[in-house]
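As a plain string of letters, each chain reads:
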Amino acid sequence: MNSPSSDADGRDRRLRGHDPDEWLALGRRATLKTAALGVGTVPFVRRVRGGRQTPYLDILSVDPTDCPSVLVNVAVNSDPGRSGELDVDQFTVIEDGVEQPIEEFGFTSSAADIAFAFDNSGSMEDEIVRMQREVRDLTDAIEDAGIDARYGLVSFRERVRVERDLTADTAAFGTAVDRLRPGGGGTSPRRENSFDGIARTLDLDFRPAAQKVVVVITDALAHYDGDVSGVSDLTIDDVARRVRESGVAFVAVSPDQSDPTSSIRVLADRVDGLWIDIRGGSFSEVLRRIRELVTTAYVLRYDTDAGAGERRELTVTVADPELGLERDTTTLDIPDDADCGDDPDGGTGRRRTVMITANGPIEYTLAVEGTVEPDRYGGDFAADDNDDPEEIADGVFSYANDTGPRAENAGPTNFRGDRFVFSGAVEEFDVDPRSSRTDYNVYLDGRNTTVGRVRRFRDVDDHSLTITANGPVDYTVTVDGTLEPDRFGGVFVGDTLDLPVETSGGYLRVTDDTGPMADDAGPFAFRGDRYLVDGRVRLLDVDTFDDDTAVNCYLDERLTPIDEIVSPLPGGDGPLEGYASGTAIEGDGSLLAILSTADNQFGYTAVVDGEAEKSESDDNAADDGDQVRSRGGVAVIKGTTGDNAGDVFEFTGELLSVTVVGADGGFEIEVDGRRVTDSVVR
């Protein structure tokens, strides 16, 4: 799976490029997803809107098992969709009405776990024979698509049996299918133990990052708790809840029956699954459509702030170049026992895992300030016995090693790797493939990420804070702890000059502006600033210039209300209060000159507790690109100059600080012609 490009990283794609009226007019799906498979009593279940047949978008599965990370698999039944031509900017993910940044995006899964729950009662003889004859075509096609697939098989009639746990050995899976023998059957009216068979299939050892598919094949109704047979203690509600919480794509091949307590077709409807009429098409067509489900789906990953046991509405939209805008809606169900990373104590001391995998030889270096040790707990991604760290500085431990298969064993699906457990801050992390044909993946706590994100990882007390807007805004952030701009790529980064000023109370404060220019403002034109924060946010205040500007704030990349971010001090800590005044310079209509004394170019930020405006003196003057923003009695001056020239501003109040970036010493600061460089420069 590939991450979106850096300029889209964390982007607030609030229906960007979509007509809101058109989007809102799209009705919520109310039919089974036979359209995605194209088989059943009729070839497609269709709705008609605006002269065309819809829907062409289907959410196949929503997997919250690696919460807070959520994997969404969708199918787009158009020519560009089936061929993988759509990109991340054509999709949106909306949870409870709020768009979520898509963290990772790809066409087809890199890994898939496919498990069959097969009714092997006497009446299923024809289906069993066809499965035995044609299953090899399914596994061959998925292997040819380069997907790391595993297959499992559970059989059921009155009793449930695991014929084969999930395995990548297609020959072993084929042998298990060949051993299926029809016989016996349920009671009259004929029922089989489908619910228990499905539940046992959901208990197989699915991989957290793989696309998960469960296919149940039966020609009968299900036993259920309350049907007086005593065969099952599960109800359709129990099974539906388990399917939703498991995050599988659920495919039902069953009769077109409507019994609300025991029909597998009804169960598929309840979980937004895919249903195929067992009497309506050839079995080879069924397997072909299952193959397409795995090999032509789009995979979207986003992070949710939902907690254990929560249910939220989830909508995916796509803007297809041929068929236009479509959406599909389902629910996100977080399991009651999910660990979504909630840590009321701030997570201090938590141990993390980092894993490097590759399908060819690579070299890597990892250095951590804190503790780090090889994780040798089994599997192809465990550290080797000789993966021991070197202490390169006091408390800083480093590994320099290689991993991946040998060159002669390299291949697109033959990944190997090393895994480590650490706590503290990552000081260095580099990965160097020995061949341009080698693909590698990096995982932090089991989640696919990037080298850059691991490289800038600090202990879990270090959080990111992002302020975004679709029009010009001013903001102030005050932190009891450390505060620094995060300049790691994208459109939501701290500017070079977004540096904090220390207040007399020992707090750090940034007063700045963000969002697009007024001429570029619009409902989808979000821009913002991002900071790294270690400590408590004491003040977060954002002012907009008109009622049309929308503001979103994110804590650790999750949309969060301001009142949940801030821990205010008793009595408040307002924007005018507490700036360090030991070096402040009083002015009353005074001229501040920021002068270049060399052939250079540099940027600057000045903070005035009072008022400021552009001015001129001698041959120097502030130009159109320089800015003065005021809010709450504090003026922030930002600009650039150089090449032995300078900028001039008039101010009244206290000049609190001037920050200069990139001048290499070739500058001077003057107030009313008096040199004050050493007094006010930070």
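### A look at the overall build of the chain
Helix and strand content of the chain: 12 helices and 40 strands. Looking at the chain as a whole, 54% of its 682 residues are labelled buried. If you take every contact in the chain between residues at least 6 apart in sequence, the share linking residues at least 24 apart comes to 78%. Total accessible area computed for the chain in this model is approximately 28,800 Å², and 43% of it derives from carbon and sulfur atoms.

### Some points on the nonpolar core
In this structure, Phe-116, Phe-118, Met-131 and Ile-217 are the most contacted members of the largest nonpolar core, which totals 36 residues. Looking at this core, the elements that each hand over two or more residues are strand S8 (111–119), helix H4 (125–144), strand S9 (148–156), helix H5 (170–178), strand S12 (211–217), strand S14 (249–254), strand S15 (274–277) and helix H9 (283–295). The greatest single-element share of this core, amounting to six residues, is contributed by H9. Not counting residues within four places of it along the chain, the set of residues in contact with Phe-118 comprises Met-124, Glu-127, Ile-128, Met-131, Leu-153, Val-154, Ser-155, Phe-156, Leu-180, Ile-217 and Phe-283. Counting 29 residues, the second largest nonpolar core, distinct from the first, contains Val-154, Val-248, Val-266 and Leu-267.

### Thoughts on the pattern of salt bridges
This model, assessed by the stated rule, comprises 22 salt bridges. A salt bridge links Lys-212 to Asp-63, with the shortest nitrogen-to-oxygen separation between them at 2.2 Å. Highlighted residues: Lys-212 in strand S12 and Asp-63 in strand S3 (residues 57–66), separated in sequence by 149 residues. The exposure classification of Lys-212 matches that of Asp-63, with both residues buried. Put simply, Arg-242 and Asp-203 hold a salt bridge, and the shortest N to O gap is 2.6 Å. Placement of Arg-242 in helix H7 (residues 236–246) and of Asp-203 in the loop between helix H6 (194–202) and S12 is noted, with a sequence separation of 39 residues between them. Where salt bridges share partners, they join Glu-95, Asp-305, Glu-310 and Arg-312 into one cluster.

### Considering the sheet that holds strand S18 (residues 324–333)
Pairing is antiparallel across the open sheet formed by four strands, whose spatial order is S6-S5-S17-S18. Strands at the two margins of the open sheet, each flanked by one partner only, are strand S6 (98–100) and S18. Averaged over all neighbouring strand pairs, the angle between strand axes comes to 30°, with direction disregarded. For strand S17 (residues 311–320) and S18, the ladder comprises 10 bridges, and the chain directions are antiparallel. Each bridged residue has a counterpart across the sheet, and for Arg-312 the counterpart in S18 is Leu-332.

### Topic: the packing of aromatic side chains
Applying the stated criterion across every chain, the model contains eight aromatic pairs. Summarising the aromatic geometry, the rings of Phe-107 and Tyr-298 are spaced 4.8 Å apart at their centres and angled 50° between planes, so their arrangement reads as tilted. Within this pair, whereas Phe-107 is found in strand S7 (residues 104–107), its partner Tyr-298 is found in strand S16 (residues 298–303), the two being separated by 191 residues in sequence. Judged by its relative accessible area of 0%, Tyr-298 is buried. Ring pairs connect the aromatic residues Phe-91, Phe-105, Phe-107 and Tyr-298, which therefore count as one cluster. If you follow Arg-265 out to its NZ or CZ, it ends over the ring of Trp-275, 4.6 Å from the centre.

### Here's the deal with the side chain of Asp-320
By the secondary structure assignment, Asp-320 is in strand S17. Separated by 2.8 Å, the side chain of Asp-320 and the backbone nitrogen of Glu-322 make a polar contact. With residues near it in sequence (within four places) discarded, Asp-320 still touches Tyr-56, Val-76, Ser-78, Pro-80, Gly-81 and Leu-86.

### Considering the sheet that holds strand S4 (residues 69–76)
Pairing within the open sheet is antiparallel, and its four strands lie in the order S3-S4-S16-S7. If you trace the sheet from one side to the other, it starts and ends with S3 and S7, each paired once. The sheet shows a mean angle of 20° between the axes of neighbouring strands, taken without regard to direction. Note that S3 and S4 share seven bridges and pair antiparallel. Bridging from a neighbouring strand, Ser-61 pairs with Asn-73 of S4.

### Points about the packing of H4 against H9
Between H4 and H9, the shortest axis-to-axis distance is 9 Å and the interhelical angle comes to 30°. Compared by their axis directions, H4 and H9 come out roughly parallel. Where H4 crosses over H9, the handedness of that crossing is right-handed. Note on element contacts: H9 touches H4 through Phe-283, Ser-284, Leu-287, Ile-290, Arg-291, Val-294 and Thr-295, opposite Glu-127, Arg-130, Met-131, Glu-134, Val-135, Leu-138, Ala-141 and Ile-142. In the contact of H4 with H9, the residues fall into nine nonpolar, two polar and four charged.

### Observations regarding the confidence of the model for the chain
In the predicted model, the chain carries a mean pLDDT of 76, and the fraction of residues at 70 or more is 78%. Across the chain, the secondary-structure element scoring lowest on mean pLDDT is strand S1 (residues 47–49), at 28, and the one scoring highest is H6, at 94. For residues 1–54, every residue scores under 50 in pLDDT, and the model assigns this stretch 147 contacts once sequence neighbours within four places are set aside. Per-residue pLDDT stays below 50 along residues 342–350; that stretch engages in 11 contacts with residues further than four places along the chain or on separate chains.

What counts, and at which threshold
- Residues numbered from 1 in each chain as written.
- Predicted model: local features only at pLDDT ≥ 70, side-chain atom pairs only at ≥ 80, totals over all residues.
- Heavy atoms only, no water.
- Helix = DSSP H or I, 4+ residues; strand = E, 2+ residues; numbered from the N terminus.
- Buried < 20%, exposed > 50% of the residue type's maximum accessible area, 1.4 Å probe, protein only.
- Contact = heavy atoms within 4.5 Å.
- Areas by Shrake-Rupley, 256 points an atom, 1.4 Å probe, with all protein chains shown as cover.
- Core = buried A, V, L, I, M, F, W, Y, C linked by side-chain atoms within 4.5 Å.
- Salt bridge = Lys/Arg side-chain N within 4 Å of Asp/Glu carboxyl O.
- Pairing = 2+ DSSP bridges.
- Axes fitted to C-alpha atoms, helices over the stretch in contact; angles between N-to-C directions.
- Phe/Tyr/Trp six-rings, centres within 6.5 Å; stacked < 30°, edge-to-face > 60°.
- Lys NZ or Arg CZ within 6 Å of the ring centre and 35° of its normal.
- Polar contact = N/O pair within 3.5 Å; in protein donor to acceptor, adjacent residues only side chain to side chain.
- Parallel < 35°, antiparallel > 145°, perpendicular 65-115°, else oblique.
- Left-handed = near helix turned anticlockwise from the far one by under 90°.
- Nonpolar A, V, L, I, M, F, W, Y, C, P; charged D, E, K, R; others polar.
- pLDDT = per-residue confidence, 0-100.

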